[in-house]
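Each chain, letter by letter, is given below.
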Amino acid sequence: MNFSYSKKAGFTLIELLFAIFIFSIVLSIVYGAYRSTFHIIQGSELTLNESHKARAALERMTEDLTATVTGPGGYLQGAEQDVAGNRGDSLTFISSTHIALNKKDVLTGDAIIQYTAKIDETDNTLQLMRADTVKRPGTSIENSNGTKYLLCRGLKEVRLTYFNDNGEESTEWNTESNREGDETLEAPELPAMVSIELIFPLAGSDDNGSAFKTAVALNR
């Protein structure tokens, strides 16, 4: 009786280790490419979100400043502020724009517009707040107490710069006018242009951040 044997060649241990080594290299390359793509997409979405928030805030501030009262009764004061170690500048001025947020609110008349920055305790970023108070008889800049509404959040800094007629810049501005009570008797001294810069922090970085900037020329 004859028996026939079939010999099949198998993989040696070295060949298996080599195959595993090649597979691990390919896997690491694919995973690295996936992570890079994911970070790019995530970064693009973050930048797009910041762009939307910055544009909405800058458009609101531009409309308010464009309507700044330049004649008698006008006023503008800007101050450089430090909020949690970063710039969080404030700005108060009289504008002919007013946003009515409820039915009882007055629809017309000049308004005291106030922009301030405060710290967001949840993530230590800044919140840009806007207050809008109708300027009624007897309402002064000092005693205006309009409700502050959130305009933009997640900021690192809020920078305001003021330019005079000679192009000289300053981080602060204060109108100097003759006043009788709460009324200005002459046109206030206003800046020729106000520069607004909103800066968002870069995740995991101490760099200057992602900045969005515009400038508003006052119609004097």
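It should be noted that the structure appears before, not after, this text.
Residues take numbers from 1 onward in each chain, read along the sequence in its written order. Per-residue local features are limited, in this predicted model, to residues with pLDDT of at least 70; the limit for side-chain atom pairs, both in listing and counting, is 80 or more; totals at the level of whole chains, interfaces and linings are taken over all residues. Values reported for side chains reflect all heavy atoms of the structure, with hydrogen atoms and water molecules removed beforehand.

Caption draft 1: Quick peek at the environment of D132. Here a strand is any run of E in DSSP of at least two residues, a helix any run of H or I of at least four, and the numbering for each starts at the N terminus. With respect to the helices and strands, D132 occurs in strand β6 (residues 125-134). Note: C-alpha distance between D132 and I94 (38 residues apart in sequence) is 9.7 Å. In this description, contact between two residues means that some pair of their heavy atoms is separated by no more than 4.5 Å. With residues near it in sequence (within four places) discarded, D132 still touches T97, H98, I99, A111, I112, I113 and T147. In terms of polar contacts, D132 uses its side chain to reach the side chain of R130, at 3.3 Å. In protein, a polar contact means a hydrogen-donor-capable atom and an acceptor-capable atom, both N or O and within 3.5 Å, with residues adjacent in sequence counting only if both atoms are side-chain atoms; elsewhere, any N or O pair within 3.5 Å suffices.

Caption draft 2: View of unusual backbone geometry. In this model, A84 sits at a positive phi of 55°, which is unusual for a non-glycine residue. When you line up the elements, A84 lands in the loop between β2 (82-83) and β3 (86-87). A positive phi angle, near 60°, is found at N124, a position not held by glycine. Position of N124 relative to the elements: it lies in the loop between β5 (111-120) and β6.

Caption draft 3: Summary view of the packing of aromatic side chains. Paired rings are identified among Phe, Tyr and Trp, the last through its six-membered ring, by centres lying within 6.5 Å, and are further divided according to the angle between planes into stacked (under 30 degrees), edge-to-face (over 60) and tilted (the rest). Inspection of every chain in the model, using the stated rule, returns two aromatic pairs. Ring centres of F93 and Y115 lie 6.4 Å apart, and the angle between their planes is 20°; this geometry places the pair in the stacked category. Here the residue F93 occupies a position in strand β4 (residues 90-95), and Y115 occupies one in strand β5, the gap between them amounting to 22 residues. Look at F93 and you get buried, because its relative accessible area is 0%. A relative accessible area of 1% places Y115 in the buried class. With a 1.4 Å probe rolled over the protein chains alone, any residue whose accessible area is under 20% of its type maximum counts as buried; one over 50% counts as exposed, and the rest are partly exposed.

Caption draft 4: Summary view of the sheet that holds strand β9 (residues 169-170). Read across the sheet, four strands follow the order β9-β8-β13-β14 without closing on themselves; strand pairing throughout is antiparallel. Only two strands of the sheet have a single partner each, and these edge strands are β9 and β14 (210-217). Should DSSP find at least two bridges between two strands, the strands are regarded as paired. One ladder, built from seven bridges, connects strand β8 (residues 157-163) with strand β13 (residues 193-200); its direction is antiparallel. When the sheet's bridge partners are listed, V158 is paired in β13 with L198.

Caption draft 5: Spatial organisation of the sheet that holds strand β1 (residues 76-79). The sheet built from six strands is open, its strands ordered β7-β6-β5-β4-β1-β10 with antiparallel pairing. Each edge of the open sheet is held by one strand with a lone partner, namely β7 (148-155) and β10 (173-174). Two elements, β5 and β6, share ten bridges in a ladder whose sense is antiparallel. Directly across from I119, in β6, lies its bridge partner L126.

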